[in-house]
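# Per-entry structural report
Listed below are the residues making up each chain.
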Amino acid sequence: MRTSRRWWSLAGIVVGALGLAASYLAAALLHVRESPVVAVAEGVTALTPGFIAEWAIQNLGTSDKSALVIGILVILGLLFALLGVLGRRQWWWASLGFVVLAVVGGVAVAAKPGTTGTDLVPVFVGLFVWLGAFALCAQALRRWEVVEESDDLGHDPAHTRRGFFVLVGVLAAGTAVVGGLGRIASGAREKVEHSRRLLRLEKVTEPKPPAAARVDVPGVPPWQTPAEDFYLIDTAFIKPTLEPVEWELRIHGMVEREITLSYDDLVSREITEDWITLNCVSNEVGGNLIGNAWWSGVRLAGIIAEAGPKEGADAVLQTSVDGWTCGTPLAALTDDRNAMLAVAMNGEPLPVEHGFPVRTIVPGLYGYVSACKWVVDMEVTRFEDFDAYWTQKGWSEMGPVKLSSRIDVPTQGSGVDAGTVVVAGTAWHQNTGIETVEVSLDGGAWTPATLAEVPSMDTWVQWRAEVDVDAGDHSVRVRATNRDGEVQTGVETGVLPDGATGWHTVGFSAS
Ligand SMILES: Nc1nc2c(c(=O)[nH]1)N[C@H]1C(S)=C(S)[C@@H](COP(=O)(O)O)O[C@H]1N2
Ligand SMILES: [Mo]
């Protein structure tokens, strides 16, 4: 005897709901803009003929969107029940059905502009849960069937039946918990995004990237990096959601006077603004863990002077609200470079993932020793007295940015027309500045590139050069010289412990 359809469809529904909840939680935690169900809803809207959409808006008013999501959930519920029943014949029919649903969700997510691989993670999480949980249910139901069929008195049918219901109960409870967590995670995020939108930072000005800072070569990234394209590196699985009214920075340790700053205290101070390029120590030669933005904030030199560092202090141990730490040389925060507590990036309050409401920015230091996001604590101390997050994992205590350069055009492995080829890219040595950039074709003589004009020594510098090539395979490499006359080393080292070195080399072929 087969276990009844009813129980298989129940299994389908429970498993389906759990997968949706898991995917919702994953989307909330990863701050994916398009959770799969919402993406499907939007896809349906986009594909809906205008008159139907119009009808929905007229009749359902502003609740048309939730009506659509609810409608999709109801349809999904029916589909899940159907998949459960299909699974009764062949378990893999159900699995195939779940895969098809995941593909629909994945396509809807991928169809949205600007999606990245991360946006698809919730789809995979959901599918993984569907397949795993359905396999468990199918196994429990089969065991029940086998026991009912056999006359073996050693097995108690009531017992195996209970096994299935316990499993269903556990999965349903799991759905409630996972869905609730997703609700909390997305709620906190929505709340902080809302506060962020409402913030008016009156003294913060719009970025005006100088036209002369660009070389006009297609394929070279913009000189000003838009916030949404700015590389993201942190250890936070769940990005902290810190309201400006909750934010407080305590400056203590080896100081004459402890200081505690509120957000209002901070933004009522004099604002400093600057173009500063930030990069990661883990950036490989030629890599893209680097970006340039217009940062607005308050200079740390003044704030630290108010606290009055004591004799012997040489470091500031910074801690973020989620417990990440970094050790910054005290001198870099108090000398005349524009080290700041930044509140805005490219003229807007910091994006949540870039440290809202306040982060540190220090020109000339890699992010891991300076650019603390969601910063809430600064202890003036000595390097010998602490280990920070990355230094205890083998990275160097000091992290000054290394003189570097990168070729963006032509790209590795590309094909170009023989003759004159434009080579272009960027070079950087924040807090020192770039003096010259040179390229070398096929290991030949170094020839100077033309540099675009930058407003300060703290940003990357775009450059372009021309080389003449015959048909065939070629390679071009780049090196920079800084304003102190130091020439970028060609010695190749990896990113550990204090940043990669070597000349970026690109192979291309001309025909
Ligand atoms: N709170 C916190 N701040 C942090 C990090 C982190 O993991 N947690 N990573 C640092 C590193 S290694 C870098 S390179 C920069 C990256 O800043 P971004 O993500 O805004 O580009 O942030 C720094 N600040
Ligand atoms: Mo980094």
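Presented here is a report on the structure given in the accompanying data block.

### Observations regarding the site of ligand 1
By nearness alone, 19 residues border ligand 1, and Tyr-231, Thr-235, His-354, Arg-359 and Lys-373 come closest of all. At a separation of 2.6 Å, an oxygen atom of ligand 1 approaches a polar backbone atom of Tyr-231. One nitrogen or oxygen atom from the side chain of Ser-320 is found 3.3 Å from a nitrogen atom belonging to ligand 1. Contact with the protein chains removes 99% of the 530 Å² of surface that ligand 1 exposes when unbound.

### Observations regarding helix H9 (residues 300–307)
Those residues of H9 that fall on the buried side of the exposure criterion are Leu-300, Ala-301, Ile-303, Ile-304 and Ala-307. For H9, the angular spread of buried residues about the axis comes to 165 degrees, placing them on one side.

### Observations concerning the nonpolar core
If you look at the biggest cluster of nonpolar residues, it comprises 71 residues, and the most contacted ones within it are Trp-247, Leu-266, Trp-295 and Leu-341. Per-element tally for this core: the top contributor is strand E7 (residues 340–345), with six residues. Once you skip the residues sitting within four places of it in the chain, Leu-266 turns out to touch Trp-247, Leu-261, Val-298, Ile-303, Leu-341, Val-343 and Val-358. Within the second largest apolar cluster, 33 residues are counted, among which are Ala-11, Val-14, Leu-76 and Leu-171.

### A word on the packing of helix H1 (residues 5–30) against helix H7 (residues 157–198)
At a minimum axis separation of 8 Å, H1 and H7 run at an interaxial angle of 25 degrees. If you check the angle between H1 and H7, you find them roughly parallel. In this structure, the crossing between H1 and H7 has a hand that is left-handed. The residue inventory of the contact of H1 with H7, partitioned by class, reads 21 nonpolar, five polar and one charged.

### Things to note about the side chain of Asp-274
One can find Asp-274 in strand E3 (residues 272–279). The charged side chain of Asp-274 is buried without a salt bridge, its nearest counter-charge being Arg-299 at 8.2 Å. Excluding residues within four positions of it along the chain, Asp-274 makes contact with Ala-293, Trp-294, Trp-295, Asn-338, Met-340, Ser-456 and Asp-458.

### Some thoughts on the sheet that holds strand E17 (residues 461–469)
The antiparallel open sheet is built from four strands, whose spatial order is E11-E13-E17-E16. In the strand order of this sheet, the two ends are held by strand E11 (404–409) and strand E16 (450–451), each with one partner. Pairing between E16 and E17: two bridges, direction antiparallel. Residue pairing for E17: Leu-451 is matched across the bridge by Trp-463.

### A word on the packing of helix H2 (residues 36–47) against helix H5 (residues 91–110)
Two elements in contact, H2 and H5, have axes separated by 8 Å at closest approach and are oriented at 70 degrees. Looking at the two axes, H2 sits roughly perpendicular to H5. Where H2 abuts H5, its residues Pro-36, Ala-39 and Val-40 lie against Val-104, Gly-105, Ala-108 and Val-109. Looking at the contact of H2 with H5 residue by residue, the classes come out as six nonpolar, one polar and no charged.

### Looking at the pairing of strand E14 (residues 434–441)
Put simply, side chains in a regular strand alternate between the two faces of the sheet. Burial runs high along E14: six of the eight residues are buried. Where E14 and strand E18 (residues 472–482) come together, seven bridges link them in antiparallel fashion. Following the sheet pairing, Ser-440 is matched in E18 by Arg-477. As paired elements, E14 and strand E15 (residues 446–448) share three bridges and run antiparallel to each other. When the bridges of E15 are listed, Val-439 appears paired with Thr-447. Linkage of E14 to E15, two consecutive antiparallel strands, is achieved through a turn of four residues, within which Asp-442 is found at a positive phi near 50 degrees.

### Things to note about unusual backbone geometry
Glycine aside, a negative phi is what most residues show, and trans is what most peptide bonds show. Of note, the amide linkage connecting Phe-356 to Pro-357 takes the cis form, showing an omega dihedral of 5 degrees. Tracing the backbone through its elements, the reader meets Pro-357 in the loop between strand E8 (348–349) and strand E9 (359–361). The amide bond that connects Leu-496 to the next residue, Pro-497, takes the cis arrangement and shows omega of 0 degrees. Its place among the elements puts Pro-497 in the loop between E18 and strand E19 (505–510). At Asn-431, a position not held by glycine, the phi torsion is positive, near 75 degrees. Summarising the element assignment, Asn-431 is placed in the loop between strand E13 (419–428) and E14. With relative accessibility at 24%, the residue Asn-431 sits in the partly exposed group. Phi at Asp-442 is positive, roughly 50 degrees, even though this residue is not glycine. Positionally, Asp-442 belongs in the loop between E14 and E15. Residue Asp-442 is classed as partly exposed on the basis of its relative accessible area of 41%.

### Brief notes about the sheet that holds strand E10 (residues 375–381)
Pairing is mixed across the open sheet formed by five strands, whose spatial order is E2-E1-E10-E5-E6. The open sheet terminates on both sides in strands that have one partner only, identified here as strand E2 (259–262) and strand E6 (325–329). Across the sheet, the mean angle separating the axes of adjacent strands is 20 degrees when strand polarity is ignored. As paired strands, strand E1 (residues 248–253) and E2 are joined by four bridges and run antiparallel to one another. Bridge assignment links Leu-249 to a residue of E2, and that residue is Leu-261. H9 contacts E1, E2 and E10 of the sheet and is inclined by roughly 140 degrees relative to E2.

### Side note on a negative patch on the surface
A contiguous patch of negative charge on the surface is contributed by Asp-314, Glu-384, Asp-387 and Glu-397. Among the structural elements, Glu-397 can be located in the loop between E10 and E11.

### Some thoughts on a nonpolar patch on the surface
A cluster of nonpolar side chains, namely Trp-91, Trp-92, Trp-93, Leu-96, Val-100 and Val-104, defines an oily patch on the protein surface of about 620 Å² accessible area. Positionally, Val-104 belongs in helix H5.

### Some thoughts on the side chain of Glu-353
Positionally, Glu-353 belongs in the loop between E8 and E9. Polar contacts involving the side chain of Glu-353 include one to the side chain of Arg-189, which spans 3.0 Å. Every residue in contact with Glu-353, bar those within four places of it in the chain, is listed here: Arg-189, Leu-232, Asp-234, Lys-239, Lys-373 and Trp-374.

Definitions and limits used
- Residues numbered from 1 in each chain as written.
- Chains lettered and ligands numbered in written order.
- Predicted model: local features only at pLDDT ≥ 70, side-chain atom pairs only at ≥ 80, totals over all residues.
- Heavy atoms only, no water.
- Near = heavy atom within 4 Å.
- Polar contact = N/O pair within 3.5 Å; in protein donor to acceptor, adjacent residues only side chain to side chain.
- Areas by Shrake-Rupley, 256 points an atom, 1.4 Å probe, with all protein chains shown as cover.
- Buried < 20%, exposed > 50% of the residue type's maximum accessible area, 1.4 Å probe, protein only.
- Helix = DSSP H or I, 4+ residues; strand = E, 2+ residues; numbered from the N terminus.
- Arc of directions from axis to C-beta.
- Core = buried A, V, L, I, M, F, W, Y, C linked by side-chain atoms within 4.5 Å.
- Contact = heavy atoms within 4.5 Å.
- Axes fitted to C-alpha atoms, helices over the stretch in contact; angles between N-to-C directions.
- Parallel < 35°, antiparallel > 145°, perpendicular 65-115°, else oblique.
- Left-handed = near helix turned anticlockwise from the far one by under 90°.
- Nonpolar A, V, L, I, M, F, W, Y, C, P; charged D, E, K, R; others polar.
- Lys, Arg positive; Asp, Glu negative; His and termini not counted.
- Salt bridge = Lys/Arg side-chain N within 4 Å of Asp/Glu carboxyl O.
- Pairing = 2+ DSSP bridges.
- Patch = residues over 30% accessible without salt bridge, like charges linked within 9 Å, V, L, I, M, F, W, Y side chains within 5 Å.
- Charge placed at Lys NZ, Arg CZ, Asp CG, Glu CD.

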